[in-house]
Number of protein chains: 2
Amino acid sequence: MSALLTDLYELTMAAGFVAAGKHRDTATFELFARRLPPNRNYLVAAGLAQAIEYLSTLRFTDEEIGYLRGLPQFALAPQEFFSLLAALRFTGDVFAVPEGTPVFPGEPLLTVRAPLVEAQIVETYLLATISFQTMIASKAARLTAAAQGCGVIEFGTRRAHSPAAGTLAARAAYIGGCLGSSNTEAGFRFGIPVYGTAAHSWVQSFPREEDAFRALQALLGASTVHLIDTYNTHEGARCAARVGAPLWGVRIDSGDLLALSREVRAILDAAGLPTAKIMVSGDLTEGRVRELAAANAPIDALGVGTDLATSGDAPNLGAVYKLVEIKSSGERRHTFKRSAEKATLPGAKQVFRYADRDVIGCSWECIGCDESPSVQALLRPVMLQGAIVNSLPSAEEARVRAASAIAALPETVRSLDPAPEASYPVTISPALRELEEGTRV
Amino acid sequence: MSALLTDLYELTMAAGFVAAGKHRDTATFELFARRLPPNRNYLVAAGLAQAIEYLSTLRFTDEEIGYLRGLPQFALAPQEFFSLLAALRFTGDVFAVPEGTPVFPGEPLLTVRAPLVEAQIVETYLLATISFQTMIASKAARLTAAAQGCGVIEFGTRRAHSPAAGTLAARAAYIGGCLGSSNTEAGFRFGIPVYGTAAHSWVQSFPREEDAFRALQALLGASTVHLIDTYNTHEGARCAARVGAPLWGVRIDSGDLLALSREVRAILDAAGLPTAKIMVSGDLTEGRVRELAAANAPIDALGVGTDLATSGDAPNLGAVYKLVEIKSSGERRHTFKRSAEKATLPGAKQVFRYADRDVIGCSWECIGCDESPSVQALLRPVMLQGAIVNSLPSAEEARVRAASAIAALPETVRSLDPAPEASYPVTISPALRELEEGTRV
């Protein structure tokens, strides 16, 4: 990844911080979602591993610095700025909520405390990588719930916002509860289970459907999934039945999936293949998955593409990265914004999780430490002075964490329907409230 | 990019084609949108440059092949498959619509004619890269029209579906008509104009707003844009007025942008700064841009993020990549699908563009060659036998093409309102219709 993958203003500000002699100030920024997207009762934190990979490898090349030198916006930038970029490494501290943790609006997912220039430049990349994966993991948790125990496989790379987004969507979907993905790179890079057997072009490339099915079976044996809707789903099912075992089952990718799954089930059963399974796919949405599950459709696996890989009903997460503290020549100042509907709270924070509610406090507080051993401080050190201090969990570990943490949420919050207000209270600690009032005076 | 960035079934099919002795068959696939997304009267083709870059550099590493060998799905794959992957290069032909060309559903944006294994494996990547950029360029064209001559700058990397998607969104937005982007990597890689001066953290990092404005002015001179809404927009405007020239102007990022832009305009004018400009930003959508333009708001530039970089109102494009011909042992077969609502037409095609309508014909046809010199065949050779034969236009050239081609569309099609049916007829040539009927028998 290129260090230039950031908004230009991060770099003009960096030049300005150098010019103003402020670049060694220590800044604390927090990354959080301002509000829940539509149709969401909670979010599932994801994307931290890629954020840390970025921070660990951040470097400007000579060619990139040369490009900046040529831009009109840097005509008056001090020479020191370019030398600083050439030597720039991320040397700050990072505190973060572990991937797979349910989070709520206003709760920092990530805190960066670093020299001002470093903390500023990384804003854009951190936001894009964490909010995208968090959005997809949150969507996957809903789809998993909608499927009521039927496995969901992520099929959406082709519809993702660029190929690279597809690979990250596969990772986040797995964390959120999917069984795995069709994205092979996600399997290779992140150890995610990968699935897939054949497309319509496989069937079309043979003169007869039956030839295609026999050739697939010769290759895949008991994991064969015949795609039966290329010409006519009923005939396809009968053809699969004729070819017979070994096979995992069949896939239906178009048409009335409820009616077809029942009819195909009957065809397979009548042919003595009661253990042959049925997978469905084809522009499935969360709503459609819910309907199929509610109707008890005889479906064993669901392939979900577009709706999952683009979070179709809520395709963005309004996460922000805000300066909350700055320390200059030994003096600490808490910062905030008052902008209409975009106000922020000052000071570095911590999130304290009880069984059924959260308290956002100041980072130095230790809320609930005495009263209950089950209160957790969600933000934990990940990097200190630029070095990774706690190895990050794998996608698999994050998925396990998500499953148990989601199961522990109140039922109204876990529900696919909108949670009544205050189903999961998130309050501000008295100390943070006092800091806010003191800062605003 | 990794060659594994594809759906697993492309690779299992590839193994199956080798096992079935079909991997040297020549396949022709076409990439097209099945239908227009909501709120779109046309699409703007984009993403070809990245598609060709991918095809030109496609390689499997030993490590990647080792990963595949370890997957259960390849337990029965012939040894020859792995050797084939190790030596695999894209050796096929590619025909494509130039970036920046308006296109309609059913019209191929890209045709790949290659050995079956190669043509199959590249499906996922080609779809993701071309449909994403096409979706964003199409959205940018609408935003540009909505702004009625006021420049639109793409600001959405932080809200894009991953950082990499942000860089490609910037490129596509520029092709679709934006002035440029805040994404610095897009400037570096694609020569796109980049914009940006300072964020709220700049203002917050100084004890007083005025200090922040003076420091920015010292760095940026006449291109300074003061962000005036950190604490209070009216006070921010008065502060900017006090600091005075040189400056480009001010930016308002929150609140009632219509009322505020008028009030800020009055403050600047009263302070003797009538040439200081006003930029607005902050979760702007196409609808809001349209309202601001209709109200004649005194706005000189618009920064649009989320709605543009995620194509907020239509966040996916249902593009597909379908096998239309296969040549095996010298025998050519035209292929098609009959699946419900997903049927496809057989045979390689060409798109013939008249002034106000298109005809989709067979690739060998020459429709309109005689009758009118202005009929264009949209699909042109880009790669032959794996080598690039026509250098691709730059993003700038694609943007120029898009602007003039969009201007030439009928007004009802260019309009932001839904075009009446048949505003831009796309018909099938008699030869293609005959081929379809012959194939279906």
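Residues numbered from 1 in each chain as written. Chains lettered and ligands numbered in written order. Predicted model: local features only at pLDDT ≥ 70, side-chain atom pairs only at ≥ 80, totals over all residues.

Participant: I'd like a rundown of the overall build of chain A, residues and numbers included.
Facilitator: Within chain A, the regular secondary structure consists of 17 helices and 19 strands. Dimensions of chain A, computed from the C-alpha atoms along their principal axes, are close to 80 × 55 × 35 Å. If you take every contact in chain A between residues at least 6 apart in sequence, the share linking residues at least 24 apart comes to 71%. (Helix = DSSP H or I, 4+ residues; strand = E, 2+ residues; numbered from the N terminus. Contact = placed C-beta atoms within 7 Å.)

Participant: Before we move on, can you summarise the nonpolar core with the specific residues and values?
Facilitator: Among the nonpolar cores identified, the biggest contains 299 residues, and L302 of chain A together with L302 of chain B are the most heavily contacted of them. Not counting the four nearest positions on each side in its chain, L302 of chain A is found in contact with A147, C150, V152, I153, V280, L284 and V289 of chain A. (Core = buried A, V, L, I, M, F, W, Y, C linked by C-beta atoms within 7 Å. Buried ≥ 20, exposed ≤ 12 C-beta atoms within 10 Å, placed from the backbone.)

Participant: So what's going on with the interface of chain A and chain B? Residues and values would help.
Facilitator: Contact residues are listed per partner, giving 90 residues for chain A and 90 residues for chain B. In terms of residue count, helix α1 (residues 8–19) of chain A provides more of the side of chain A that touches chain B than any other element does, eight residues in total.

Participant: Describe in detail the sheet that holds strand β14 (residues 349–353) of chain B, supporting the description with residues and values.
Facilitator: All names here are of chain B. Read across the sheet, four strands follow the order β16-β14-β15-β19 without closing on themselves; strand pairing throughout is mixed. Here the strands that pair on one side only, and so sit at the sheet edges, are β16 (376–377) and β19 (426–428). Two strands pair when backbone bridges link them, and β14 and strand β15 (residues 358–362) are joined in this way by five bridges, in the antiparallel orientation. Among the inter-strand pairings, V351 is bridged to a residue of β15, identified as I360. (Pairing = 2+ DSSP bridges.)

Participant: Provide a residue-level description of the packing of helix α6 (residues 123–146) of chain B against helix α13 (residues 286–294) of chain B, including the pertinent values.
Facilitator: Residue and element names in this part refer to chain B. One can describe the packing of α6 onto α13 by two numbers: an axis separation of 8 Å at closest approach and a directional angle of 20°. The orientation of α6 with respect to α13, classified from their angle, is roughly parallel. Two packed elements cross with a definite hand, and for α6 against α13 that hand is left-handed. Facing R142, L143 and A146 of α6, the residues of α13 in contact are E286, V289, R290 and A293. For the contact of α6 with α13, the per-class residue count stands at four nonpolar, no polar and three charged. (Axes fitted to C-alpha atoms, helices over the stretch in contact; angles between N-to-C directions. Parallel < 35°, antiparallel > 145°, perpendicular 65-115°, else oblique. Left-handed = near helix turned anticlockwise from the far one by under 90°. Nonpolar A, V, L, I, M, F, W, Y, C, P; charged D, E, K, R; others polar.)

Participant: Explain the sheet that holds strand β12 (residues 319–328) of chain B to me, and be specific about the residues and the numbers.
Facilitator: Backbone hydrogen bonds hold the strands of a sheet together, and the pairing may be parallel or antiparallel. Residue and element names in this part refer to chain B. In spatial order, the strands read β13-β12-β1-β5-β3-β17-β18; together these seven strands make up an open sheet with antiparallel pairing. Lying at the two open borders of the sheet, with one neighbouring strand each, are β13 (331–334) and β18 (387–388). Here strand β1 (residues 26–33) runs beside β12; their pairing, made up of eight bridges, is antiparallel. Each bridged residue has a counterpart across the sheet, and for T26 the counterpart in β12 is K327.

Participant: Go over the relation of the copies chain A and chain B with me, naming the residues and quoting the values.
Facilitator: Of the transformation superimposing chain A on chain B, the axial component is 0.0 Å and the angular component is 180°, with the fit at an RMSD of 0.0 Å. Viewed as a symmetry operation, the transformation between the two copies matches a two-fold axis. (Least-squares fit on C-alpha atoms with pLDDT ≥ 70 in both.)

Participant: Provide a residue-level description of the packing of helix α10 (residues 209–220) of chain A against helix α1 (residues 8–19) of chain B, including the pertinent values.
Facilitator: Put simply, α10 of chain A and α1 of chain B touch, their axes get as near as 10 Å, and they point 105° apart. When the axis of α10 of chain A is compared with that of α1 of chain B, the two are roughly perpendicular. Of the residues in α1 of chain B, those touching α10 of chain A at A215, L216, A218, L219 and L220 of chain A are T12, A15, G16 and A19 of chain B. Within the contact of α10 of chain A with α1 of chain B, the residues separate by chemical class into seven nonpolar, two polar and no charged.

Participant: Describe the confidence of the model for chain A, listing the residues and the values that go with them.
Facilitator: A residue-level look at chain A finds 99% of positions with pLDDT of 70 or above and a mean pLDDT of 95. Interface confidence for the predicted complex, given as ipTM, is 0.96, next to a pTM of 0.97. (pLDDT = per-residue confidence, 0-100.)

Participant: Talk me through helix α10 (residues 209–220) of chain B; I want residue IDs and the actual numbers.
Facilitator: Residue and element names in this part refer to chain B. In this model, α10 (twelve residues) spans 16 Å end to end at C-alpha, consistent with the 16 Å of a helix rising 1.5 Å per residue. Of all the residues in α10, the buried ones are E209, A212, F213, A215, L216, Q217, L219 and L220. Once α10 finishes, G221 follows within two positions and takes phi at roughly 55°, a positive value. (Expected span 1.5 Å × (residues − 1).)

Participant: Can you lay out α6 of chain B for me, pointing to particular residues and giving the numbers?
Facilitator: Residues and elements named next belong to chain B. Its 24 residues give α6 an end-to-end C-alpha distance of 34 Å, which sits within 8% of 34 Å, the value for a rise of 1.5 Å per residue. For α6, a buried count of 23 out of 24 residues is recorded, marking the element as mostly surrounded by other parts of the structure. Of the residues one or two after α6, Q148 is the one with positive phi, at around 45°.

Participant: Give me the lowdown on the pairing of strand β13 (residues 331–334) of chain A, citing residues and values where you can.
Facilitator: The side chains of a regular strand alternate between the sheet's two faces. All names here are of chain A. Two strands pair when backbone bridges link them, and strand β12 (residues 319–328) and β13 are joined in this way by four bridges, in the antiparallel orientation. Residue I326 lies in a different strand from β13, and its bridge partner there is R333. Linking β12 to β13, which pair antiparallel, is a turn of two residues; within it S329 sits at a positive phi near 45°.

Participant: An account of unusual backbone geometry is requested, with residue identities and associated values reported.
Facilitator: In this structure, P246 of chain A follows A245 of chain A across a cis peptide bond, with omega equal to -5°. Residue placement: P246 of chain A occurs in the loop between α11 (233–243) and β9 (249–252). With a phi close to 45°, Q385 of chain A is a non-glycine residue in the positive phi region. Take Q385 of chain A: it is sitting in the loop between β17 (380–384) and β18 (387–388). Given 10 C-beta atoms within a 10 Å radius, Q385 of chain A is considered exposed. Even without glycine at this site, A422 of chain B takes up a positive phi of about 65°.

Participant: Which residues make up the pairing of β9 of chain A, and what are the values?
Facilitator: Residue and element names in this part refer to chain A. Here strand β8 (residues 225–227) pairs with β9 via three bridges, running parallel. From the neighbouring strand, H226 faces β9, where its bridge partner is V250. Handedness of the crossover joining β8 and β9 through α11: right-handed. In terms of handedness, the path from β9 via helix α12 (residues 257–270) over to strand β10 (residues 277–280) forms a crossover that is right-handed. (Right-handed = clockwise from strand over helix to strand, strands pointing away.)

Participant: Give me the lowdown on the environment of E235 of chain A, citing residues and values where you can.
Facilitator: Among the structural elements, E235 of chain A can be located in helix α11. When the C-alpha positions of E235 of chain A and Y424 of chain A are compared, they lie 51 Å apart, and in sequence the two are 189 residues distant.

Participant: Which residues make up the environment of A270 of chain B, and what values do they have?
Facilitator: Secondary-structure assignment places A270 of chain B in helix α12 (residues 257–270). Between the C-alpha atoms of A270 of chain B and G191 of chain B, which are 79 residues apart in sequence, the distance is 39 Å.

Participant: Tell me about the environment of I326 of chain B, residues and numbers included.
Facilitator: Relative to the assigned elements, I326 of chain B resides in strand β12. In sequence terms I326 of chain B and E286 of chain B are 40 residues apart; their C-alpha atoms lie 44 Å from each other. For I326 of chain B, the contacting residues outside a window of four places in its chain are S205 of chain A together with D25, A27, R333 and T335 of chain B.

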